[in-house]
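# Observations on the three-dimensional arrangement
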Amino acid sequence: MWERVKNYALYGDTDRESYYGVKERIESSNRKTVFVFALVAAILIGIMLVLSFSQEGFAASKPVYIFGILCSLIIIAVSIASKKIPVLTYVAIYMAVSAFMLYGIAIATLTRPEEQTVTYMVMLIFVPLIFTDRPLRMGISLVLFNILFIIMALKTKTGSILSVDITDAVIFGLLSLVSQTIVHSTRIKGYVLENKLRIMSETDQLTGLNNRNCYEWRLGSYPSLYKNSICCIYIDVNGLHELNNTKGHKAGDEMLQYIAETVKNQFGARDTYRIGGDEYVAFVLDDTDEHIGEKITEIKEQVREKGYNIAVDYEYTDSKNVDINKLIVEAESKMYKDKSNYYKIHDRRAR
């Protein structure tokens, strides 16, 4: 029970691993939302500030409008900076929440204490739903602002207006807590589901490596990812058909899994792919030709010790303008020469 409550409050009714799997996606969405929200707010408050110079009903709130515009501009600057410093995303979110909740409180208690509060109640319901964050963190901020509003109302309001505003603050505060918890949890679970579907679509189910779909999607990005050099390693398994025929497909699957794990251990999971039944491709960025050659030698030795065999070779370049397709073709061509040498010794007719 406690674990369920903790997961609901901290991770939107998912779990820690799932939440952190989509944390970057949530931050990216929040950055865009903060920027747009602050920009629109600056424009709207700016219009009210202009009206305050000619309309008596707006004049008393002029200092609050100036405060709102300044806060909006600062939030815009922080949201732009958060692209390079991700932690600033949360600074921008809670600056936005704080600025507009305080704006609502100021309008309600400092400039128009004789009127029933509308602006703050709208902010209380609306603002927390704009962003996506852990329900507990957003909930705590709402409680604190509601307490601040009640304190300010007690100092500035009287009679029936005070009673109505405090009652509304309690009721709308509870509604806001419930609604933001449900909305944030739903969004987080949506991101998690989207992430799981993406992983499934990009992952080879037998080996756990990136699959051909992922390979095709990422291929065009590689020329922009390296600084000094890029290398394509092309691997083809020798003897898979023969092993399937003699010992069964389970034995063949075990061989493919072992080779995939060996390659992944040497070159990492992110840039290693199973692109066909018995074919693997790995990309290595900004490493030396000699070091890559040593890793390939280690892979071949480990595979041979297990009783398997692979054809493998690579193409390496430190050119700044690589043709990624040509690089792959060269690596594949070299690999087939290695494969041809293997079958000169192990005649295919032995099948």
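Look up: the structure comes first, before these words.
Rules of the game
Residues numbered from 1 in each chain as written. Predicted model: local features only at pLDDT ≥ 70, side-chain atom pairs only at ≥ 80, totals over all residues. Heavy atoms only, no water. Pairing = 2+ DSSP bridges. Helix = DSSP H or I, 4+ residues; strand = E, 2+ residues; numbered from the N terminus. Axes fitted to C-alpha atoms, helices over the stretch in contact; angles between N-to-C directions. Contact = heavy atoms within 4.5 Å. Buried < 20%, exposed > 50% of the residue type's maximum accessible area, 1.4 Å probe, protein only. Phe/Tyr/Trp six-rings, centres within 6.5 Å; stacked < 30°, edge-to-face > 60°. Lys NZ or Arg CZ within 6 Å of the ring centre and 35° of its normal. 1 Å grid on protein atoms, 1.4 Å probe; cavity = no way out; pocket = protein on both sides within 12 Å on 5 of 7 lines; lining within 4 Å. Points joined across faces, edges and corners; volume = space filled by probe spheres on them. Nonpolar A, V, L, I, M, F, W, Y, C, P; charged D, E, K, R; others polar. Parallel < 35°, antiparallel > 145°, perpendicular 65-115°, else oblique.

Read across the open sheet, the four strands follow the order β2-β3-β1-β4; overall the sheet is antiparallel. Of all the strands in the sheet, just β2 (272-274) and β4 (309-317) have a single pairing partner and so form its edges. Ignoring which end each strand starts from, the neighbouring axes of this sheet average 15° apart. One ladder, built from nine bridges, connects strand β1 (residues 230-238) with β4; its direction is antiparallel. Note that in β4 the partner of C232 across the bridge is E315. With respect to the sheet, helix α9 (residues 212-219) is in contact with β2 and β3 (279-285), its orientation differing from that of β2 by roughly 130°.

With six of seven residues buried, β3 is to be regarded as a mostly interior element. As defined by bridge partners, β1 adjoins β3 across seven bridges and the pair is classed as antiparallel. Following the sheet pairing, I233 is matched in β3 by A282. Of the strand pairs in this sheet, β2 and β3 are connected by three bridges, and their pairing is antiparallel.

In this section: the packing of aromatic side chains. Under the definition given, this model contains eleven aromatic pairs. Judged by centre distance (5.8 Å) and plane angle (90°), the rings of F37 and F131 are edge-to-face. Taken together, the residues F37 in helix α2 (residues 16-52) and F131 in the loop between α6 (119-130) and α7 (135-156) connect sequence positions 94 residues apart. F131 matches F37 in its accessibility class, with the two residues each being buried. Aromatic ring contacts, followed pair by pair, group Y215, Y222, Y273 and F283 into a single cluster. Positioned above the aromatic ring of Y258 is the side chain of K306, whose terminal nitrogen or guanidinium carbon lies 5.4 Å from the ring centre.

If you roll a probe as big as a water molecule over the atoms, it shows you where there is empty space left. In this structure, the largest pocket encloses a volume near 280 Å³. Lining of the largest pocket is provided by 16 residues; of these, L44, I45, M48, Y103 and M123 occupy positions nearest its centre. If you list the elements that add at least two residues to the lining of the largest pocket, you get α2, α5 (88-111) and α6. Here the element with the most residues in the lining of the largest pocket is α2; it accounts for six residues. Of the residues belonging to the lining of the largest pocket, the class tally is 14 nonpolar, one polar and one charged.

With that settled, consider the side chain of E202. Along the chain, the position of E202 falls in helix α8 (residues 159-202). If we skip the residues at most four places from it in the chain, E202 touches L209, N210, N211, C214, W217 and R218.

On to the packing of helix α4 (residues 62-81) against α5, then. Contact pair α4 / α5: the axes reach a minimum separation of 9 Å and the direction vectors enclose 175°. Relative to α5, the element α4 lies roughly antiparallel. On the side of α4, the interface is formed by V64, Y65, F67, C71, S72, I74, I75, V78, S79 and A81, while α5 contributes L88, V91, A92, M95, A96, A99, F100, L102, Y103, A106, I107 and T111. Taken together, the residues that form the contact of α4 with α5 break down as 19 nonpolar, three polar and no charged.

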